[in-house]
Amino acid sequence: MKFVAAALLAVAASWMLAGSAAGQAAGVKVVVNGVDVPLAVPAVVFNGQVMAPIAGLFEPMGAIAAFYETDRSIVVTNRVRTTVVFWLNETAALVNGQPRSLPVAPALLGSQVFVPVQATFALLGAWARFDETDRAVFVNSQITGITPQVSAGALQVAVDATGPMQVETNVISNPDRLVVDFINATLRTQERLYAVSDAGVDRIRTAQFQVKPYVSRMVFDLNQPVEVSITTAPTSYLVTLQVRPKGSAPWQAPEGASKGSPLGRSANPVKVTGVSFQPDGQAGRITVDSTGSMDYKIREFMFPDRLAIDVQNAVFIPVKREISVDGTSVVAVRAAQFTARPPVTRIVVTLKRKLNYIINQSAGRLTIDLSTNTAARGHLVAIDPGHGGEDPGAVGPSGLREADVVLDIALRVRDLLAHDGIRVLMIRDSDTTVDLADRPRVARESGSTIYVSIHANASPRAAVNGTETFFLTPQSLVLAQMIQDELGVVLGIPSRGIKTANFVVLRDNDIPSVLVETAFISHADDELRLRDQAFRQHVAEAVHHGIVRFLAIYPVPQQAP
Ligand SMILES: [Zn+2]
């Protein structure tokens, strides 16, 4: 850090001046979703902006931040895959690849990276305000969408938010009402009254009920006693309420709804109201607008390269359309009703060549940001299938060997990366014995940018299953999170999240290094999945997407002259 010492002293001095000049030398609190964040060093006020160290700042918002010394970037990512990147001493920022700006540049003070609190949380879609009386910045999740749907006498309300919320319900008599409070949530929806007249509910009223702590309230006016259940989605900030008359049949998705979608949120079909393309250099952004939260799948095809985005349980409203986008690397964007039952809207993006993409959804709008991102091609990715040769790894109840499965998955990841033009180093590409200590050494000495070890998990408890990703060093955290996010979304088995572990392959690597535990080979159903070619391909695609997303924000190291 010594290269910035002089500049830091100057910055520190000006901050203190600014603080004392305004009579604001006393510590300013930062309260995120009701949590008074324990700051490593006190926040300061600079040019009217509260600046706080990033350590621990974003966790109560369900997000994580990492600082990369190589290019002095700060990367914040959350559960719905919003990725915000900004840099020390620069006011420029990128939100999912789109340029934004900060009122004050992030700065290094001592060993702490300081960011302007309100502005950085705003980029994540959160609500943030400085409160003069409390001398605190209050930051909350925002409710961005409320979608009630009625089916067969039951009511489902999907509540979309930009961060985690705590939900409390109460039934009040005379008149009968169901009160649902979203603690630490600010209401951004315009609508205040929803007529229902079904499922024992006359109407729903919404209001910003209280501040400090911030409570958004939904009141269901009832005409008979009801039962209510609440579900929180594991990979988004969606909260689903289901309300029905006491003793009546539970919520059932209407006929034609796609099977197996999370929370049955695909109740009534959403209506896709528009698809557009906005060119940006050789690439651009595709925007899909609809009347509610979209449940989508994205697939890549080759010859020619194209992306297919299937929006499940979605009726396509515009006439079938083709958007010509010549002059870019995108040949055409087509959107149409792909199947009527179940209703699936498909958007096909035909490409002149392979492009990277980041997909993001908020408030009924899906954006797919395409980027040429040739930078990723400067990377060398070390892929390490665990075990091999004399070491079969864990063996499943029906005899499947970990070493064989992870090799097959790793080769699939290699092929997907190679198709992107990203160079890959396989630590082993056949059933051979490789010493544990040699694995990180080979990755390091070959100049690999990142290291991804692929395993299948085992537990003495046969009932344990799911997917998880391990990391150890701080620069590995975002890579672990990005891969785990992808696995959690596509595999259909529990996401056990990211964890730290002092594994040799993670400890002896100074590049971002993660160990992916794809599924539990010791669990009978997971073992069956691991036998399945399609499941292996899904694992490989998830790992591949996580790696590509990471490389898009991770600088290619400088080559030695
Ligand atoms: Zn293993």
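Calculation criteria
- Residues numbered from 1 in each chain as written.
- Predicted model: local features only at pLDDT ≥ 70, side-chain atom pairs only at ≥ 80, totals over all residues.
- Heavy atoms only, no water.
- Phe/Tyr/Trp six-rings, centres within 6.5 Å; stacked < 30°, edge-to-face > 60°.
- Helix = DSSP H or I, 4+ residues; strand = E, 2+ residues; numbered from the N terminus.
- Buried < 20%, exposed > 50% of the residue type's maximum accessible area, 1.4 Å probe, protein only.
- Donors = N, O, S within 2.8 Å, 3.2 Å for Na, K, Ca; no water.
- Salt bridge = Lys/Arg side-chain N within 4 Å of Asp/Glu carboxyl O.
- pLDDT = per-residue confidence, 0-100.
- Contact = heavy atoms within 4.5 Å.
- Axes fitted to C-alpha atoms, helices over the stretch in contact; angles between N-to-C directions.
- Left-handed = near helix turned anticlockwise from the far one by under 90°.
- Nonpolar A, V, L, I, M, F, W, Y, C, P; charged D, E, K, R; others polar.

### Description of the packing of aromatic side chains
- Inspection of the entire model under this criterion finds 5 aromatic pairs.
- Aromatic side chains Phe 58 and Phe 121 sit 4.8 Å apart centroid to centroid with 40 degrees between the ring planes, which places their arrangement in the tilted category. Linking Phe 58 in the loop between strand 4 (49–53) and strand 5 (63–68) with Phe 121 in helix 2 (residues 117–123), this pair joins segments that are 63 residues apart in sequence.
- Classification of Phe 121 by relative accessible area gives buried; the value is 0%.
- With 6.2 Å between their ring centres and 65 degrees between their planes, Tyr 68 and Phe 550 make a pair best called edge-to-face.

### Quick notes on the coordination of the zinc ion
- Here the zinc ion is held by the protein donor atoms His 387 (NE2), Glu 402 (OE) and His 455 (ND1), which lie 2.1 Å from it.
- Taken in sequence order, the residues that donate to the zinc ion follow the motif H-x14-E-x52-H. With His 387 in the loop between strand 33 (380–385) and helix 3 (402–419) and Glu 402 in helix 3, this residue pair connects regions lying 15 residues apart in the sequence. The same class applies to His 387 and to Glu 402, which are both buried.

### Brief notes about the pattern of salt bridges
- Taken as a whole and assessed by the stated rule, the structure comprises 23 salt bridges.
- Close ionic contact of Glu 227 with Arg 244 constitutes a salt bridge, the shortest N to O distance being 3.2 Å. Here Glu 227, found in strand 21 (residues 226–232), pairs with Arg 244, found in strand 22 (residues 239–245); they are 17 residues apart in sequence, far enough to count as distant.
- Look at Glu 227 and you get partly exposed, because its relative accessible area is 27%.
- A salt bridge links Arg 285 to Asp 369, with the shortest nitrogen-to-oxygen separation between them at 2.7 Å. Of this pair, Arg 285 sits in strand 24 (residues 283–290) while Asp 369 sits in strand 32 (residues 365–371); the two residues are 84 residues apart in sequence, bridging distant segments of the chain. The pair Arg 285 / Asp 369 is uniform in exposure class, with both members buried.
- Here the salt bridges do not stand alone but share partners, grouping Asp 131, Asp 134 and Lys 212 into one network.

### Regarding the confidence of the model for the protein
- Of all residues in the protein, 89% attain a pLDDT of 70 or more, and the chain-wide mean is 84.
- Confidence, read as mean pLDDT per element, is least for helix 1 (residues 5–21) in the protein (40) and greatest for strand 38 (residues 513–520) (97).
- A low-confidence stretch, residues 1–25 stays under pLDDT 50, and its non-local contacts, those more than four residues away or across chains, total 26 contacts.

### Quick notes on the packing of helix 5 (residues 477–490) against helix 8 (residues 533–553)
- Orientation of helix 5 relative to helix 8, taken along the N-to-C sense of each, is 145 degrees, at an axis distance of 8 Å. Taken as a pair, helix 5 and helix 8 cross one another with a handedness that is right-handed. Taken together, the residues of helix 8 that come into contact with helix 5 (itself represented by Val 478, Leu 479, Met 482, Ile 483, Asp 485, Glu 486, Leu 487 and Val 490) are His 538, Val 539, Ala 542, Val 543, His 545, Gly 546, Ile 547, Arg 549, Phe 550 and Ile 553.
- Of the residues assigned to the contact of helix 5 with helix 8, the class counts are 12 nonpolar, 3 polar and 3 charged.

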